[in-house]
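Single-letter residue listing:
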Amino acid sequence: MKIKGRRKSSNVEDRRGSGGGMMGGMGKTGSFGIGTVIIMIVVFFLGGNPLDYLGIGGGGGAAPAPTETTRSEGGIATGESNADIVQVTLQETEDTWNRLFPQLYNGQYREPVLVMFEGQVRSACGFASAATGPFYCPADQKVYIDLSFADQLRQRFGAPGDFALAYVIAHEVGHHIQNQLGYSQRVSQARNRMSEEDANAMSVRLELQADYLAGVWAHDAKQNADLLEQGDIQEGIQAATAIGDDRLQMESQGYVVPESFTHGTSEQRVRAFTAGYQTGDASKGALDKYFSSRNL
């Protein structure tokens, strides 16, 4: 992405190095069973909120990105940092949604705050650790991310590049938009009346809609902000591929359990992001149609 010289969002809380105690309910890391830790790690790399798994939350082989002379081995341009990418991406999402939200939804866009932390953090949805991964807390309307996630995404899951991280941020901002439009509440209410399998299916639709919204932002960033460079969309696709339910389950346990999916397969996530990018259509009608489709 064309990061250099771009404005950075002021809606950022940098809590790195601030520490913070652990909540009694979570206890020390050792208090979790191995199975719980594995599941939380899987949810972490799905881009979701493992706090939901604990009951306290709020709401494969992709090739590496082409190497460019201005990029380091990790896919980040010289002089850039994960914090730079996150703050610029948040600003770009603000520019997009501040313009589109009133046009499409007849309301004012309420910008979320993004919290950068390391190790652990307190949110209105409970305590979270680095193992929680990026998540959106509807109770305080904040996005939380330990920036070490970006390094894990590149080094462990083979999704390098600045846009891979930007896709993750745009996805979480998508959850903020869903919260403002009432989709999150609809899913939360519906889940309480459903079987676990049906509730999981509802969660998949919500997550794929967030991927779609991330794609809409990417479309706008390319057309109206001249932010994207060659190879950026492929970086986003690599990230979406890496964090599909089917791929993560296969890597962690050697088999997949479709009825337990909560975020969608790699193919579904790529298809959702790509659809948003290609159409750029975030109208309520498009979101409703996309949300109601079971064959995404």
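Novice: Give a detailed account of a negative patch on the surface, specifying residues and quantitative values.
Specialist: Together, Glu196, Glu197, Asp198 and Glu259 make up a region of like negative charge exposed at the surface. Its place among the elements puts Asp198 in helix H7 (residues 196-224).

Novice: How would you explain the nonpolar core if you had to name every residue and give the values?
Specialist: The biggest cluster of nonpolar side chains holds 68 residues, and the ones touching the most others in it are Trp97, Phe163, Tyr167 and Trp217. In this structure, Trp97 is in contact with Pro102, Tyr105, Tyr109, Val173, Ile177, Leu213, Val216, Trp217 and Ala282, ignoring residues within four places of it in sequence.

Novice: Residue-level account of the pairing of strand S6 (residues 142-146), with values.
Specialist: Burial of S6 is extensive: five of the five residues sit out of reach of the surface. Residues Lys142, Tyr144 and Asp146 of S6 are buried on one face, and the alternating residues Val143 and Ile145, pointing to the opposite face, are buried as well. Direction of pairing for strand S2 (residues 113-117) relative to S6: parallel, over a ladder of five bridges. Counted as the bridge partner of Val115 is Tyr144 from S6. In this sheet, S6 lies alongside strand S5 (residues 135-137) in antiparallel orientation, the contact comprising three bridges. Each bridged residue has a counterpart across the sheet, and for Tyr136 the counterpart in S6 is Val143.

Novice: Lay out the confidence of the model for the protein in plain terms, naming residues and giving numbers.
Specialist: Residues with a pLDDT of 70 or more make up 77% of the protein, whose mean pLDDT is 81. Segment residues 20-47 is flagged for pLDDT under 50; beyond a separation of four residues in sequence, or across chains, it makes 54 contacts in the model. Within the model, pLDDT remains below 50 along residues 52-75, and this stretch shows 51 contacts once partners closer than five positions in the same chain are excluded.

Reading guide: rules and limits
Residues numbered from 1 in each chain as written. Predicted model: local features only at pLDDT ≥ 70, side-chain atom pairs only at ≥ 80, totals over all residues. Heavy atoms only, no water. Patch = residues over 30% accessible without salt bridge, like charges linked within 9 Å, V, L, I, M, F, W, Y side chains within 5 Å. Areas by Shrake-Rupley, 256 points an atom, 1.4 Å probe, with all protein chains shown as cover. Salt bridge = Lys/Arg side-chain N within 4 Å of Asp/Glu carboxyl O. Lys, Arg positive; Asp, Glu negative; His and termini not counted. Charge placed at Lys NZ, Arg CZ, Asp CG, Glu CD. Helix = DSSP H or I, 4+ residues; strand = E, 2+ residues; numbered from the N terminus. Core = buried A, V, L, I, M, F, W, Y, C linked by side-chain atoms within 4.5 Å. Buried < 20%, exposed > 50% of the residue type's maximum accessible area, 1.4 Å probe, protein only. Contact = heavy atoms within 4.5 Å. Pairing = 2+ DSSP bridges. pLDDT = per-residue confidence, 0-100.

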